[in-house]
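# Topology and contacts: notes
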Amino acid sequence: MTVNGSTRSLRQHVQRSLGDDFIEPPSVMSVIGNENDDDDGTEDFHPRGASSKARTRGTGRQGRVGRKPNTTINQVDDDSMETSSVIARNNTTFAGQQSEEKGYFHHLLTGKTNIQVLVDQWIDSYQANRDEALIELMQFFLDSSGCKGKLTQTMYLKMEHIDMLRTMTEHFDEDTSEYPIIMSGLQYKKFRSSFSEFVVLLIKQSSYLIIYDQYMIDNLVTLLTALSDSPVRAFRHTGTLAVLKVMTALVDIALTISIQKDQCQRQYEAERQKSSARRAADRLDTLTTKRKELEGNENEIKSFMNFIFKGVFIHRYRDVVPDIRCLCMSELGEWMKSYPTVFLDDIYLKYIGWTLYDKVKDCRLRCLLALIPLFQTTDLVGKLELFINRFKDRVVQMTVDCEYEVAVQAIKLLTAILKFNDRILEDKDCENIYELVYHSHRQIAQAAGEFLNQKLFHKAEQPLNTTKKRSQNTAFMYLLVQFFIESELHEHATYLVDSMWDQHPMMKDWECMTDILLEASDQDDDPLDDQHENCLIEIMVCCVREAATGEYPIGRGQPNRKLTMKEQKQKDDDKKILTDHFIGSLPALLNKYIADADKLLNLLQIPLHFNYETYTTARRERDLDSYLNVLSDIVQRHTTADVFDSVSKCFECVCDVNFTLSNRAIAHRGNIMDKILANFNAAMSIFEEMDEADEDDLYPLLLNLRKLDAFHQCHDLGNVDLWDKIHLLFKAAIDNEDMSPEIVDKCFGIANRSLLWGLYQLDIQFDKDLLKKVVKRSRKLSTLCQKLMLHANAQICQYAYSTLCDLLISMSPHLVDKNPDYQSLVIEINENLIQSLLTFLNTYVFFVEDPKNQDEQAKIETLHKKRNLLAAYCKLIVHNVLPIQAATNILKYYVKYNTDFGDIIKNTFTRARDISKIHTAKTMAYSLMAVFKECVAAQQTTGNDENANIDLSPLRELARRFNLSFGLDMAKQREALAALHRECIRFALTPLFNHDDPTQPGPNILFLEVLAEFASKLLKPDKKAIFDHVDKLVHSATIESDAWQPLINYRRILNDEVGSGHGPKVRASTGTRGRKRAIPQDGS
């Protein structure tokens, strides 16, 4: 048999039709390239002539590879070896199994031998005895596949590769489907990299001599091709990895030969252009011979490359195993980067394009990672134009991929494409990516920010005709503001700022932002309108917040994450820079926009992030005075509570005793409070003298109450006693139904915070007189809240309810844990107090009717208020202020109001279980009883008194939900479930008989039908105990009618497993129609 003939037989084998274990690419992608690109008619594999010995071994085996397999030999189906994920293997590792072996697999697995040494050792062995060396190398690949079989010289010489592999399939570990290159652990992770490095280095080292001997590479590629074509996943995966690494090494060799050939050609041309006197004749002959030799080597290497690509890659890139498909895409990307002259062609690019549609995330991701470096290389982008035009839409679709990592890389790829040619992407494509700067996933948002930066800000230019010296980022800032306005996708600039934070230096250019806001516009400049100023201020404040705190917006990243040392240092530096700038420019900004409340609310967030010691270290006392004067002016000129709250927080920061110049701020605060108190006292004097007051008359009083309430939130005004005047306003609210709800709300706030500041002072220094005053006032406030909860005005009722709930939390029994002397502070919880709270919830949360024609936004706000009111009550239960039984009337609405309040109610009884499982179970029982009574009452309202017709569907659904909440661990819940059954049985069997007819059961007997829902959670001993408990209650009473059926069914459920197949005896009476039955007993 000739060499060429045997080679064609090999090619016919590896390029046969695909089997069932392959995945066809989507038909929509079959566009690029010639349809015959994958045929075998181009560049046949023709090795050069070899010695007779080499032909006998190499060609004989190659000629027989294409034979059909013997059906009597067992084959391992790959499907039985597939696993969705890699599971940690037991302690019996391949390293332990082959600890006595000294093969290449063992050396690479242990990592104790240098790879270069192993390669040199194999080459020396090959030169001494190439058959034994190839046996060792083949054994290495078999060991790396997890096969425990041993390849003998007889098998090597007499068996074909396919038959040899079939024999080896019998030597796998049947206890696991893992193999070394997919196993977990650091040792096997290192082995995977060492395996690839060994194969690549072996081929490169062989390129100097033995790769062209017609024997080594032929037999090696034949074996690896057979491995990659095996139905056994371990063989196929390992063989594919090895042969693709061989291909990678051949690509590097071909590239090296190509460079050497070009150098040789240049030397030849230079020598030929010399004059005949200076030319060396033998030099031209030598260069010509060398060039022909290099061309021959290059052709042979390319023929091997073409053979591997068509014989392995085009089958494996659509393999059923995702890891193999990923491997093909990664290696193809490496070939394109290394040797773009050959591989950066549409014939090869189409495979990456097709795999972009793969259903597996990792495959799509590998394609994108392979493409990005190509588009980032200027010299290579020109060859990708056809690919871009064909697959651009698919890449744009992948920006919203369900897998975030894929979406990130797709956006980065489009950014690289944009850098190459910004005309390739249409406006609609860019708009889809613009929206992603508001994405909740931070990596996607940042990638979209990089795209936005490249598209909008990379080529923006400063206006030429201007008389001002502008920052280089001014034009960029105008564009950013305009983009924020036009996007109309998000109300909060903080997400846009976070997306652009690391992309453009303008995000920290404080001088640019303040200059735009403060400087008057040139005649050539378009002045900022009110909307643009609002957006710029909002963006600036968000930048200040991110620079000073390093925190991500809500929903991006972990909350309260710990900063690294580098991030902490960057944060400190940024905070110092922004403080240095804004302590001088902020007073001017506040003065300019002092009449605009919306702009002030944003600007007043900036001082909260100052490093106030800068005022001292930089000797900026004058700037501090300017800042404090502006705050005083804002308090005097404004009327809204939000502005007062912001000013109060600013004073809280600057009045900190740790701040060296805090005395100045405290003095300013004192002056402001003196003016507020004087105005408040004057307004109260007018109020006391008025018989009737309208809103205009009450406005001065309301304005000063807003200021007092705002400063009382952040500052202890203990030297100012407002209790008597506040109490007077409470009495006026009780007597007057037309009292302003906001005045009452501010009074509640001042009164409650005065008590909290009193507790704060007690913690600092205990004072009995102060304790008595706090106790007395807390009791008065509790009484006032309960009275005002019955007010005719719904808003006043809600304010009173919220204040009472907060007061009960503040004056809870937990205070005694701090100090036993605080026992007198604890407000006593009685039934009247609980009932007043429940009455309020029934009135304003559960049974309130929504107004007609209410828009969606109003409905959402109303629901939000209701949820807050319910959560305030549930908070009292989970903090153990109210007893768990107080949740009875809340849990019964779990099903009825599940859409609106289900999460709050579920969290309540889940947290209550942490306090007491038994009491929580009893509370569930009481809730079921309450719902049962409602079902009975609803039936009676229809005029039908028959219990058999009662609709128990709401009760059954509630019982089902409660049953699911107990979970699957019945041992942990057995005491709670037993308590629930006892309470429900007591209710159902009390009374046991009907008072009018002693032969009939009591009115609650139907309740047992619902109790059966919980029987499945009981353990066998508990079923027996409950069964006995029921028998004691019924006293072997004779059943006279079918009305007792719920009890019989319940006992049967309990007794099915208790009796172990021996059912209890039933004493049937001799009554008519056989209806009389006896209560089943535990057996005789």
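Here the structure is a predicted model, which is why all the values come from computation and not from measurement. What you see as residue numbers is a count from 1 along each chain, following the sequence as written. Local features in this predicted model are restricted to residues whose pLDDT is 70 or higher, and side-chain atom pairs enter the listing and the counts only when it is 80 or higher, whereas totals over whole chains, interfaces and linings include all residues. Excluded from the side-chain calculations are hydrogens and water; all other atoms, namely the structure's heavy atoms, are used.

## So, a positive patch on the surface
- Each patch is built from salt-bridge-free residues with over 30% relative accessible area, joining like charges within 9 Å and nonpolar side chains (Val, Leu, Ile, Met, Phe, Trp, Tyr) within 5 Å. What sets the accessible areas is the Shrake-Rupley method with a 1.4 Å probe; for residues, cover comes only from the shown protein chains. Each reported salt bridge corresponds to a side-chain nitrogen of Lys or Arg within 4 Å of a carboxyl oxygen of Asp or Glu. Neither His nor the chain ends contribute to the count of charged residues, in which Lys and Arg are positive and Asp and Glu negative. Every charge is mapped to an atom, namely NZ of Lys, CZ of Arg, CG of Asp or CD of Glu. A surface patch of like charges, here positive, comprises Lys-731, Lys-776, Lys-780 and Lys-787.
- When residues of the positive patch are assigned to their parent elements, the largest contribution, three residues, is made by helix α35 (residues 768-788).
- A relative accessible area of 44% means that Lys-731 is categorised as partly exposed. Numbering of helices and strands starts at the N terminus; helices are DSSP runs of H or I of at least 4 residues and strands are runs of E of at least 2. Summary of the burial criterion: residues with accessible area below 20% of their type's maximum are buried, those above 50% are exposed, and those between are partly exposed, where the area comes from a 1.4 Å probe applied to protein chains only.

## Some details on the packing of helix α31 (residues 662-689) against helix α32 (residues 695-714)
- The contact between α31 and α32 brings their axes to 9 Å, and the two run at 145 degrees. The way α31 lies across α32 gives a crossing that is left-handed. Of α32, the residues touching α31 (which contributes Arg-669, Ile-672, Met-673, Ile-676, Leu-677, Asn-679, Phe-680, Ala-683, Met-684 and Phe-687) are Leu-698, Pro-700, Leu-701, Asn-704, Leu-705, Lys-707, Leu-708 and Phe-711.
- Here the residues of the contact of α31 with α32 are counted per class, giving 14 nonpolar, two polar and two charged. Whenever a helix is involved, its axis is fitted only over the stretch in contact; in every case the axis is a line through C-alpha atoms, and angles between N-to-C directions fall within 0 to 180 degrees. We call a crossing left-handed when the near helix sits turned anticlockwise from the far one by less than a right angle, and right-handed when that turn is clockwise. Here, two residues are considered to be in contact whenever any of their heavy atoms come within 4.5 Å of each other. Under the grouping applied here, Gly and all other residues not named as nonpolar or charged are polar, the nonpolar ones being Ala, Val, Leu, Ile, Met, Phe, Trp, Tyr, Cys and Pro and the charged ones Asp, Glu, Lys and Arg.

## Remarks on the confidence of the model for the protein
- In predicted models, pLDDT denotes the confidence assigned by the predictor to each residue on a 0 to 100 scale. Confidence in the prediction for the protein averages 82 pLDDT; 84% of positions are at 70 or higher.
- A low-confidence stretch, residues 1-101 stays under pLDDT 50, and its non-local contacts, those more than four residues away or across chains, total 189 contacts.
- Low pLDDT, under 50, characterises residues 1057-1084; the predicted model gives this stretch 58 contacts beyond four residues in sequence or across chains.

## Remarks on helix α39 (residues 856-878)
- In a helix, the anticipated span is given by 1.5 Å times the number of residues less one. The first and last C-alpha atoms of α39 sit 32 Å apart over 23 residues, in line with the 33 Å expected at 1.5 Å per residue.
- Within α39, the full set of buried residues consists of Lys-866, Leu-869, Leu-870, Ala-872, Tyr-873, Cys-874, Leu-876, Ile-877 and Val-878.
- Elements that come into contact with the buried residues of α39 comprise α36 (794-810), α38 (831-846), α40 (888-891) and α41 (898-915).
- Just downstream of α39 lies Asn-880, where phi reads positive at about 65 degrees.

## Description of unusual backbone geometry
- Despite not being glycine, Gln-214 has its phi angle at roughly 65 degrees, a positive value.
- By the element assignment, Gln-214 lies in the loop between α9 (186-206) and α10 (216-228).
- Given the relative accessible area of 6%, Gln-214 is considered buried.
- Of note in the backbone geometry, Asn-880 takes a positive phi value of approximately 65 degrees without being a glycine.
- Note on placement: Asn-880 falls in the loop between α39 and α40.

## Some points on helix α29 (residues 621-637)
- With 17 residues, α29 extends 24 Å from end C-alpha to end C-alpha; this agrees with the ideal 24 Å at 1.5 Å per step.
- Looking at the packing, one finds that the buried side of α29 touches α26 (565-592), α27 (597-603), α28 (614-617), α30 (641-654), α31 and α32.

## Regarding the packing of aromatic side chains
- Each Phe, Tyr or Trp ring, with Trp reduced to its six-membered ring, pairs with another whose centre is within 6.5 Å; inter-plane angles below 30 degrees give stacked pairs, above 60 give edge-to-face pairs, and intermediate values give tilted ones. The tally for this structure, following the rule as stated, stands at 47 aromatic pairs.
- With centroids separated by 5.8 Å and ring planes inclined at 35 degrees, the aromatic side chains of Tyr-104 and Phe-198 adopt a geometry described as tilted. Separated by 94 residues along the polypeptide, Tyr-104 in helix α4 (residues 104-110) and Phe-198 in helix α9 bring together distant segments of the chain.
- For Tyr-104, a relative accessible area of 7% translates into the label buried.
- Geometrically, the ring pair formed by Phe-387 and Phe-391 is tilted, given 5.0 Å between the ring centres and 40 degrees between the ring planes. With Phe-387 and Phe-391 both in helix α18 (residues 385-398) and four residues apart, this pair spans about one turn of that helix. Considered together, Phe-387 and Phe-391 belong to a single accessibility category, that of buried residues.
- Only when the NZ atom of a Lys or the CZ atom of an Arg is both within 6 Å of the ring centre and within 35 degrees of the ring normal do we say a charge sits over the ring. Above the face of the Phe-391 ring, Arg-390 is positioned so that its terminal group lies 4.9 Å from the ring centre.
- Across the ring face of Tyr-894, the terminal group of Arg-961 is positioned such that the distance to the ring centre comes to 5.9 Å.

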